Amino acid sequence: MGKKLALPEFVALIALLFALIALGTDAMLPALGLIANDFQLPDSNQAQLVITVFVLGTGLGQLVAGPLSDAFGRKTVLGGGILLFFVASIFSITTDDFTTLLMTRFIQGLGISSPRAVGIALVRDIYKGRQMARVMSLAMMIFVVAPAIAPLIGQTVMLTFNWRMIFVVIMGFSLVSFLWLFIRQEETLAIENRRPFRFETIWQGYLEVFTNKRVMISMLTVSLVYATLFSYLSMAQQNFAIWLDSEARFPLYFGIISIFGAVSNAVNARYVERVGMWLISTIALLSNAIIALAFAFLIWQNILPDHLMLPAFIIWSGLFFFFNVMCFGNLNSLAMEPVGHIAGLAASIIGSTATAICVFIAIPIGMMFNGTGMPLILSTAILCSISLIINLFNPRSVD
């Protein structure tokens, strides 16, 4: 049994566990062009599937990871998922077939889904309500460093060695998180509170989640928010390389943009206990919708000269990340608040459902890339507007 962690170390551990998903996603972004060339893909947009099938794997994996953690404990399932990710990464490194690469990426996602679902459940075991939202915001504040530096790491490794070595670096981070978890973190789910891994138990959990108005509205809203994020990630490299002719500096610009997410989490952690999760998430959704519509209008009317398009896109992206990230911790906490007694199963259902909806939306948006940023910006405006309307019906208190 590991030692009980103080809050700063606990937050750092959770942040690293969450960061594994970001590293598995964002570190690959600079390599999409090379992957398309190496595998001689007929449509370069197909390289985006390296990102989206990974995300799909994280979503489906959560269906199993959460219930398993409710039955066998958080640490066992977290460790097993990380090991599955580690093994799948070996096959990702060695394959010369694009279909096989996608399969191994999907399995990577299945494994790394456990830090997402079980990590949230682990936080919910200890904290609830606005305290949970604050802890999640603090963890996300550190976690945002991962997407900020991941493309730079990926590009550096890719240029120094080759794009396959990016997987080796991510494996190193996964090994550190595995050792840290098992040496330092105690199990948070007592044996007497565990729920057997049975169909009836899972079915009852689904009924409870899908019949709770707070959970359903929060889950649907966060699904659309995730869809905007992964649409952005899928098209980011192409937007900077093709539309804005800035491929070489993409990691630098992406790092600057990601810093807005860290600031967002710091602001949220400071004010969420006073202002509340619903109000902050509603303001963030409204802001993102208005800013995206305004930017799309400027481009459509050719108001922005060409030399200002790159800085304008960076500013829009930074504000998009600021308000988008602000929604994640709050909406997830809103969804989890009524179902803390089945935290692992609920986190799995919420996470997997949100990811499935997200991927279903993000893949066609990514394939709409036409050499400009308009498909992404308009999609963001539409999705944020729909999210805002849905969230207006979110109950202010737990049912």
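Above: the structure in question.
Residues numbered from 1 in each chain as written. Predicted model: local features only at pLDDT ≥ 70, side-chain atom pairs only at ≥ 80, totals over all residues. Heavy atoms only, no water.

**Focus on the nonpolar core**
Grouped together as the largest cluster of nonpolar side chains are 132 residues, with contacts concentrated most on Ile35, Trp163, Ile166, Tyr232, Phe240, Phe313 and Trp316. Not counting chain neighbours up to four residues away, the residues in contact with Ile166 comprise Ala27, Met28, Ala31, Gly154, Val157 and Met158. (Core = buried A, V, L, I, M, F, W, Y, C linked by side-chain atoms within 4.5 Å. Buried < 20%, exposed > 50% of the residue type's maximum accessible area, 1.4 Å probe, protein only. Contact = heavy atoms within 4.5 Å.)

**Here's the deal with the packing of helix 10 (residues 213-243) against helix 13 (residues 306-336)**
The interhelical angle for the contact between helix 10 and helix 13, taken along N-to-C directions, is 155 degrees, at an axis separation of 9 Å. The pairing of helix 10 with helix 13 is recorded here as roughly antiparallel in orientation. Judged by the sense of rotation from one axis to the other, the crossing of helix 10 with helix 13 is left-handed. Each residue belonging to the contact of helix 10 with helix 13 can be placed in one class, and the counts come to 21 nonpolar, seven polar and one charged. (Axes fitted to C-alpha atoms, helices over the stretch in contact; angles between N-to-C directions. Helix = DSSP H or I, 4+ residues; strand = E, 2+ residues; numbered from the N terminus. Parallel < 35°, antiparallel > 145°, perpendicular 65-115°, else oblique. Left-handed = near helix turned anticlockwise from the far one by under 90°. Nonpolar A, V, L, I, M, F, W, Y, C, P; charged D, E, K, R; others polar.)

**Some words on a nonpolar patch on the surface**
A grouping of Ile259, Val263, Val267, Tyr271, Val275, Leu279 and Ile283 is seen on the molecular surface, where their side chains present a nonpolar patch of about 540 Å² in accessible area. Of all the secondary structure elements, the ones that give two or more residues to the nonpolar patch are helix 11 (250-275) and helix 12 (277-300). The leading source of residues in the nonpolar patch is helix 11, at five residues. One can find Ile259 in helix 11. (Patch = residues over 30% accessible without salt bridge, like charges linked within 9 Å, V, L, I, M, F, W, Y side chains within 5 Å. Areas by Shrake-Rupley, 256 points an atom, 1.4 Å probe, with all protein chains shown as cover. Salt bridge = Lys/Arg side-chain N within 4 Å of Asp/Glu carboxyl O.)

**Let's talk about the side chain of Asn212**
By the secondary structure assignment, Asn212 is in the loop between helix 9 (199-210) and helix 10. Classification of Asn212 as buried rests on a relative accessible area of 13%. Within polar-contact distance, the side chain of Asn212 engages the backbone nitrogen of Arg214 at 3.1 Å. Only 3.1 Å separates the side chain of Asn212 from the backbone nitrogen of Val215, close enough to count as a polar contact. (Polar contact = N/O pair within 3.5 Å; in protein donor to acceptor, adjacent residues only side chain to side chain.)

**Some words on the environment of Phe250**
Looking at the element boundaries, Phe250 is found in helix 11. The spacing of Phe250 and Asn239 is eleven residues in sequence and 9.5 Å in space, taken between C-alpha atoms. Sequence-distant contacts of Phe250, defined by excluding residues within four places in its chain, comprise Leu29, Pro30, Pro151, Ala236, Gln237 and Phe240.

**Here's the deal with the pattern of salt bridges**
A side chain of one charge can pair with a side chain of the opposite charge if their charged atoms are brought near each other. With the rule as written, the count across this model stands at five salt bridges. For Arg164, the salt bridge goes to Asp96, with nearest N and O atoms at 3.5 Å. Of this pair, Arg164 sits in the loop between helix 7 (145-160) and helix 8 (165-184) while Asp96 sits in the loop between helix 4 (74-94) and helix 5 (98-126), and the two are 68 residues apart along the sequence. Take Arg164: its relative accessible area is 17%, and that puts it in the buried class. Relative accessible area serves as the criterion here: at 68%, Asp96 is assigned to the exposed category.

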